[in-house]
Amino acid sequence: MSTALKGTTLRLIVPKDSSNNVLATLGPASKVESMDTVLSAGKLTTDHIVSNIKEYSRLRDELFHTIRQFGLVRNARPASPEARDYTSTLDEARKELDEKKTHYQDLQSRVENLERQIEEAKKQTNRISEVIQAGFNSTDVDFSKGEFNRILGRVPARKLQDAQRALQKQFSDQIVLAPGTRIKDWVYVLVAAPLDKIPQALQTLLLYDFTQAEIPKTEEPDLNIAKKVLETGAKELAQDLDEAKGEMKRFQEQASERLNQLADTVQDSLILLQAVLKMGEGSMASRAFAWLAKTPAPKILNSLSKQGALFETE
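Criteria and thresholds
- Residues numbered from 1 in each chain as written.
- Predicted model: local features only at pLDDT ≥ 70, side-chain atom pairs only at ≥ 80, totals over all residues.
- Heavy atoms only, no water.
- Buried < 20%, exposed > 50% of the residue type's maximum accessible area, 1.4 Å probe, protein only.
- Helix = DSSP H or I, 4+ residues; strand = E, 2+ residues; numbered from the N terminus.
- Pairing = 2+ DSSP bridges.
- Axes fitted to C-alpha atoms, helices over the stretch in contact; angles between N-to-C directions.
- Contact = heavy atoms within 4.5 Å.

*Asks:* An account of the pairing of strand β1 (residues 8-15) is requested, with residue identities and associated values reported.
*Replies:* Of all the 8 residues making up β1, 8 are buried; the element is thus mostly covered by neighbouring parts of the structure. Burial along β1 is two-sided: the residues T8, L10, L12 and V14 and T9, R11, I13 and P15 are all buried. Across 8 bridges, the pairing between β1 and strand β7 (residues 284-292) is antiparallel. Of the residues in β7, the one forming a bridge with R11 is F289. Direction of pairing for β1 relative to strand β8 (residues 310-313): antiparallel, over a ladder of 4 bridges.

*Asks:* Give a description of the sheet that holds strand β6 (residues 211-213) that names residues and reports values.
*Replies:* The antiparallel open sheet is built from 4 strands, whose spatial order is β4-β5-β3-β6. Here the strands that pair on one side only, and so sit at the sheet edges, are β4 (176-183) and β6. This sheet shows a mean twist of 30° between the axes of neighbouring strands, independent of strand direction. Direction of pairing for strand β3 (residues 148-156) relative to strand β5 (residues 186-194): antiparallel, over a ladder of 9 bridges.

*Asks:* Residue-level account of the sheet that holds strand β2 (residues 31-38), with values.
*Replies:* The strand order across the open sheet formed by 4 strands is β2-β7-β1-β8, and the pairing between neighbours is antiparallel. In the strand order of this sheet, the two ends are held by β2 and β8, each with one partner. When the angles between neighbouring strand axes are averaged without regard to direction, this sheet yields 15°. Packed on one face of the sheet, helix α7 (residues 223-279) meets β1, β7 and β8 and runs near 30° to β1. Packing of helix α8 (residues 298-306) onto the sheet brings it into contact with β1 and β8, and relative to β8 it is tilted by some 150°.

The structure is reproduced here in structure tokens:
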């Protein structure tokens, strides 16, 4: 992608008879390219010039926003000095910008979708790993069939018996609690209960410092196989993601050059139309582009304006 030149750039239109004095105002540290030109808006009427100035201003702002959105660097340069049809240049630039934005959005959506799939695969893998760690299998935790639901989680080992007694006392034989693996001071438990009793059972378990675990949804009865399938799928998705990111990078590199060219053309067209409106059709002027080591002081910019110059800084 492009690397921006350090400092500030200044795009100017200066009345021909004062161009030497105006450009000298920029100081010896500036690098200036300039050429004489005859200001012309072609066949545009004053109303059309004003309308085009508004549209070019909007398009310039949109280009600058898009360059930032794409993660690119704005690298201002002189635009082509060739005469142009302002209306067709505007339409073509807007069309090309829209095409670039659509392409970027498609690539970005693909990257984000793959990232979501990878993240979900990791979450599902972690859920399955926790069930395996808890000492249960998919048939134990499956509640897709029947009237019973399941709650999976862990309680402190010292509170396990109290939790079992509380559930037994509150629900009698309607609820079954099966202990699983003990890990340090915690014991995994699986609770099976009628659908309408699940909220109450969960509230009771929470009184005993119960930490709920999310139950994975899988049709594979062997959780180890299900886990391996997910891990393999995640690796394939990661490869697809690397390819998508590579395509995005190549697009950014290509778009950087073209979007900067469009921005230069739009900026140049905008200031030329403003000059026609201010100085008049057929006026002699100098078009200049200056690279400055630092942002010009307000008094310099005020001096440029007083001498009749039109300018845009970046």
